[in-house]
Amino acid sequence: MAAMDGDQRQMMEGAAEDKFPDGLRVLAVDDDCVCLKVLHNLLHGCKYHPTTVTDAKTALKILRSGKEKFDVVITDVRMQDMDSFKLLELIRLEMDLPVIMLSEDCDKKAVTEGINHGACDYLVKPVHTNELKNIWQHVERKRKSEAIRHISGDDDDDQRAQLGTAGKSNDGANTDENKENTQASTTQKKPKVGWTIELHTKFMEAINQIGLYRATPKKILEMMNVDFLTRQNVSSHLQVYFRPSFFIFHMFVFHLFIV
DNA sequence: ATTGGAATAT
DNA sequence: TATATTCCAA
């Protein structure tokens, strides 16, 4: 069945001529039926494949069942049955899906909290189609981050900049080469683990879950549930992360960020 | 034996 | 500098 006919009639502003992810599986959560309906229509208008639920509990149940797979979750911040931040936290912890928060107003506190809990984006109602057209990028970004297949982890420099990693960024003419690694030879190229924000967040969440005192590399590794990581990777990161100078510096940055 | 973690290497 | 690897004690 040629389900897609004339799909090349994309708008000129798309600029992504390679592939527009039609049928992006979006789980929309909002206890306001009207908003949910509107959101559903907008998502459908973006050629996505939306699934709508009216409460966080059901959303979590669907996600946990694994019966349906999703690429991204859009959830309202204010819901009755469950704190949306709790939902966000659980999703990030259990399935690591990109979560986009939705709010009535641009409450800076809520935005900050959402980001701190791992939300990848924050949209303000009313949501416009143009905003939804771009959410697939979060899925793509996460894919890229998780597929650590880069030689030197320099592709996520923007994320490192957000962490405040020694403000000096080498802006040399280092054109990152898109070297598609054909599977001709063994792909065991000793991939260096890039500690992205996502990975870092998982790392810290794991430590937080286990407890600071009894957090050991093996437990952290199991809690993070990232297949390509090894105990040595976690151990190495742990060693660096808990160097006093780094710790103090990190606290400093975090304090600035939260204020 | 296996693990955590400091020391060392890249 | 960031991450990997080595090495040793528990």
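Residues numbered from 1 in each chain as written. Chains lettered and ligands numbered in written order. Predicted model: local features only at pLDDT ≥ 70, side-chain atom pairs only at ≥ 80, totals over all residues. Heavy atoms only, no water.

### A short note on the sheet that holds strand 1 (residues 25-29)
Right, on to step 1. A sheet is described by the order of its strands in space; here five strands give the open sequence 2-1-3-4-5, paired in parallel fashion. Bordering the open sheet on either side are strand 2 (49-53) and strand 5 (121-124), each of which pairs with just one other strand. The average undirected angle you get between the axes of adjacent strands in this sheet is 20°.
Right, on to step 2. The sheet strands contacting helix 1 (residues 33-45) are strand 1, strand 2, strand 3 (72-76) and strand 4 (99-103), and the helix crosses strand 2 at an angle near 170°.
Right, on to step 3. Here helix 2 (residues 56-65) sits on the sheet and contacts strand 1, strand 2 and strand 3; the angle it forms with strand 1, its principal contact strand, is near 155°. (Pairing = 2+ DSSP bridges. Helix = DSSP H or I, 4+ residues; strand = E, 2+ residues; numbered from the N terminus. Axes fitted to C-alpha atoms, helices over the stretch in contact; angles between N-to-C directions. Contact = heavy atoms within 4.5 Å.)

### Some remarks on the packing of helix 8 (residues 197-210) against helix 9 (residues 217-224)
Geometry of a packed helix pair, given as the angle between the helix axes and the separation of the axes.
Right, on to step 1. For the pair helix 8 and helix 9, the least separation of the axes is 9 Å and the interaxial angle reads 115°. Considering the relative orientation of helix 8 and helix 9, their crossing is right-handed. Contacts between helix 8 and helix 9 pair Leu199, Lys202, Phe203, Ala206, Ile207, Gln209 and Ile210 from the former with Lys219, Ile220, Met223 and Met224 from the latter.
Right, on to step 2. Among the residues forming the contact of helix 8 with helix 9, the class breakdown is eight nonpolar, one polar and two charged. (Left-handed = near helix turned anticlockwise from the far one by under 90°. Nonpolar A, V, L, I, M, F, W, Y, C, P; charged D, E, K, R; others polar.)

### A word on the nonpolar core
Right, on to step 1. Counting 24 residues, the largest nonpolar core has Leu27, Val29, Leu63, Val73, Leu87, Ile91 and Met101 as the members making the most contacts within it.
Right, on to step 2. Put simply, the parts of the chain that give this core at least two residues each are strand 1, helix 2, helix 3 (84-94) and strand 4.
Right, on to step 3. When sequence neighbours within four positions are dropped, the list of residues in contact with Leu27 reads Thr51, Val53, Ala59, Leu63, Phe70, Val72, Val73 and Ile74.
Right, on to step 4. Counting 19 residues, the second largest nonpolar core, distinct from the first, contains Leu36, Leu39, Leu102 and Val127. (Core = buried A, V, L, I, M, F, W, Y, C linked by side-chain atoms within 4.5 Å. Buried < 20%, exposed > 50% of the residue type's maximum accessible area, 1.4 Å probe, protein only.)

### A few points about the pattern of salt bridges
Right, on to step 1. Across all of its chains, the model carries four salt bridges by this definition.
Right, on to step 2. The partner of Arg25 in a salt bridge is Asp71, and the shortest N-O contact between them spans 2.7 Å. You can see Arg25 sitting in strand 1 and its partner Asp71 sitting in the loop between helix 2 and strand 3, a full 46 residues away along the chain.
Right, on to step 3. On the basis of relative accessible area, Asp71 is assigned to the buried category, the value being 12%.
Right, on to step 4. For Asp30, the salt bridge is made with Lys125, and the minimal N-O distance between the two is 2.9 Å. (Salt bridge = Lys/Arg side-chain N within 4 Å of Asp/Glu carboxyl O.)

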